[in-house]
Structure formats: C-alpha cells, structure tokens
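# Structural overview for review
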Amino acid sequence: MTIKKDTALPKIDVAVPIDSTAETLAPMKLKERFRKFLPVVVDVETAGFNAQTDALLEIACIPVLLNEQGVFYPGEAFNAHIEPFEGANLEPSALAFTGIDPNNPLRKAIAEDEKTALRRIFKGLKEVRRTEDCRQCVLIGHNAHFDLAFLNAAVLRTNNKSHNPFHNFSVFDTVTLSALAFGQTVLARACKAAGLDFDGNDAHSALYDTQKTAELFCYILNNYPMLANAMHSEPEITETATDNSK
C-alpha cells in the first residue's frame, strides 16, 4: 500500500510489552567486554627501530576502564624514563626525532634501569587487572606491534617474563581502528577527526602519546557500539591455550 506524503495516519494506542529482562540486566563489566582481557594502552620512545639492539628510553601504560554507565575512560597512567641498557645502540637520527637526550642531567636524575621500571609498572597493572577480574593485559598501541616488540625484548633482557602481565602477541591497533572509523592512520589526524585536542609540540613523549591514544581508543569504543550479535556464550578457554595458540 502506498501512503501519500500528506496523508495523516490514524493514532493507535498500542500497549507495548515491557522487556523486563532488559531492565534487570546488570551493566556489562570490563572482563565481559574483552573476554577477560584488560586493555592497556602502551607507547614507547626508543633510540631506533631494532627492538633487539636499540635502547628503550621511555614507556607509558594506561589501562582502559569501564564505568557503571557503560562508558570507557582512561585509567591511571604508569610511566618511566629508562636508562639505556648496557651496550644499547643510540641512533642519532632517532634521538633527533624524539628530542630525547639520554645524557641530560635532569633526565638521568629520574631515569630508572629497565628491570626496576618494568617491575614497578607491571605491579601496578596487575593490581588493576585483579581489581577488574581480568586474566591478562592486552596491549593497545598506534602501530602496536612496534611497542610490543620493544616491550617483549626488554622483558627478556631483564628476566621479567614471570612478571609480565601482557599477552605475548595479541594487540588492539588504533591505526586499524582509526582507518575504519575516520579514514585516518596518523595519530594526530585521527585525534583531530575525533574532535580531540592534539599538541604536536608534546608528541613523541611516551606519556603524552599514550594519553592521546587512550582517549582515541575510548572515543572509538564509546561511539561505535558492538554489533547486535557480537556477545554470545563460548566455552571457557584456558590461559595456556590463549597464550600459545592462534
């Protein structure tokens, strides 16, 4: 039947059944949204591109949390300035790009060795993970596998494997998510497309880049809801299987 544009439809009072189940459902918890993974945004500043030979100079980690209203938000930041490991390569072009001077007296006064810094950060993240009843942390990054490579290399160098809360290879990459959401792959441009402030003068600081990436990740999660059929029950997967299988 074709209805003319100016035809008034009769008003019909219909008793709409109330879905009592929907009203009584408890808000989704973080562990349910990511299958017991705690998403943690990570950014590193380095003295080159080779995770095995080039120094790790800064690291920052920010867990992403979920409030009672179902809104994702950045949690407390854990960060460190790190002394180059013994024998580390310091590529001059990389230092010029980041603006980091490993020999700056002010930096040396607050820098930690890799082992101390990672243990401190991992301890803080494990407390958050346990509070949220999550099994492991999963790394979120802008070009995430770069950050994960340097993190994994530092973990091996410092014998921190048993303390490392992160999954060995799984990541969420905001480059991919930004390309999907905004058609942008550069962090500054993706933030601008999302209406987030981004100061290029503060870029290439691990803490600042992590904060901006966390805001971007939360914006995408909060504005692009899951598909209707996304949540469903699955058999519980053991931690060993999660760590070692694809």
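Before any of the text, the structure's been laid out above.
One structure accompanies this document, and this report is about it. Worth saying up front: this structure is predicted, and the values here are computed from it rather than measured.

Right, let's get into helix α5 (residues 114–131). Counted at 1.5 Å a residue, the expected span for α5 with its 18 residues is 26 Å, and the 26 Å between its end C-alpha atoms agrees. Where α5 is concerned, the buried positions are Glu 114, Ala 117, Leu 118, Ile 121, Phe 122, Gly 124, Leu 125, Lys 126, Val 128 and Arg 129. Each element contacted by the buried residues of α5 is listed here: β1 (37–46), β2 (56–66), β4 (78–81), β5 (136–141), α6 (144–157) and β6 (166–173). Two to three positions downstream of the cap, the backbone nitrogen of Lys 115 sits 3.2 Å from a side-chain oxygen, assigning the N-cap of α5 to Asp 113. Remark: Asp 133 follows α5 within two positions and exhibits a positive phi of approximately 55°.

Overall, the coordinates contain five salt bridges when judged by the stated rule. Its salt-bridge partner being Lys 31, residue Asp 133 comes within 2.8 Å of it at the nearest N-O pair. Remark: Lys 31 occurs in helix α2 (residues 30–33) and Asp 133 occurs in the loop between α5 and β5; sequence separation between them is 102 residues. On the basis of relative accessibility, which here comes to 39%, the residue Asp 133 falls in the partly exposed class. Of the charged contacts, one joins Glu 215 and Lys 212 as a salt bridge, the two residues approaching to 3.0 Å between their closest N and O atoms. On the criterion of helical spacing, the pair formed by Glu 215 and Lys 212 is a turn pair, its members being three residues apart in helix α9 (residues 206–223). We classify Glu 215 as partly exposed; its relative accessible area is 29%.

Remark: α5 packs on α6, axes separated minimally by 10 Å, with the N-to-C direction vectors making an angle of 115°. Between α5 and α6, the interaxial angle falls into the category roughly perpendicular. Note on packing geometry: the crossing formed by α5 with α6 is left-handed. Where α5 approaches α6, its residues Glu 114, Leu 118 and Phe 122 are matched on the opposing element by Leu 151, Ala 154, Val 155 and Arg 157. Each residue belonging to the contact of α5 with α6 can be placed in one class, and the counts come to five nonpolar, no polar and two charged.

Residue placement: Asp 101 occurs in the loop between α3 (92–98) and α4 (105–110). The class of Asp 101 is partly exposed, set by a relative accessible area of 40%. Spatially, the C-alpha atoms of Asp 101 and Ala 47 are 10.0 Å apart, while their sequence positions differ by 54 residues.

Along the polypeptide, Ser 178 turns up in helix α7 (residues 174–182). Among the residues examined, Ser 178 registers a relative accessible area of 0% and is labelled buried. Beyond its immediate stretch of four places on either side in the chain, Ser 178 contacts His 142, Gly 183, Gln 184, Ala 190, Leu 216 and Ile 220.

Definitions and limits used
Residues numbered from 1 in each chain as written. Predicted model: local features only at pLDDT ≥ 70, side-chain atom pairs only at ≥ 80, totals over all residues. Heavy atoms only, no water. Helix = DSSP H or I, 4+ residues; strand = E, 2+ residues; numbered from the N terminus. Expected span 1.5 Å × (residues − 1). Buried < 20%, exposed > 50% of the residue type's maximum accessible area, 1.4 Å probe, protein only. Contact = heavy atoms within 4.5 Å. Polar contact = N/O pair within 3.5 Å; in protein donor to acceptor, adjacent residues only side chain to side chain. Salt bridge = Lys/Arg side-chain N within 4 Å of Asp/Glu carboxyl O. Axes fitted to C-alpha atoms, helices over the stretch in contact; angles between N-to-C directions. Parallel < 35°, antiparallel > 145°, perpendicular 65-115°, else oblique. Left-handed = near helix turned anticlockwise from the far one by under 90°. Nonpolar A, V, L, I, M, F, W, Y, C, P; charged D, E, K, R; others polar.

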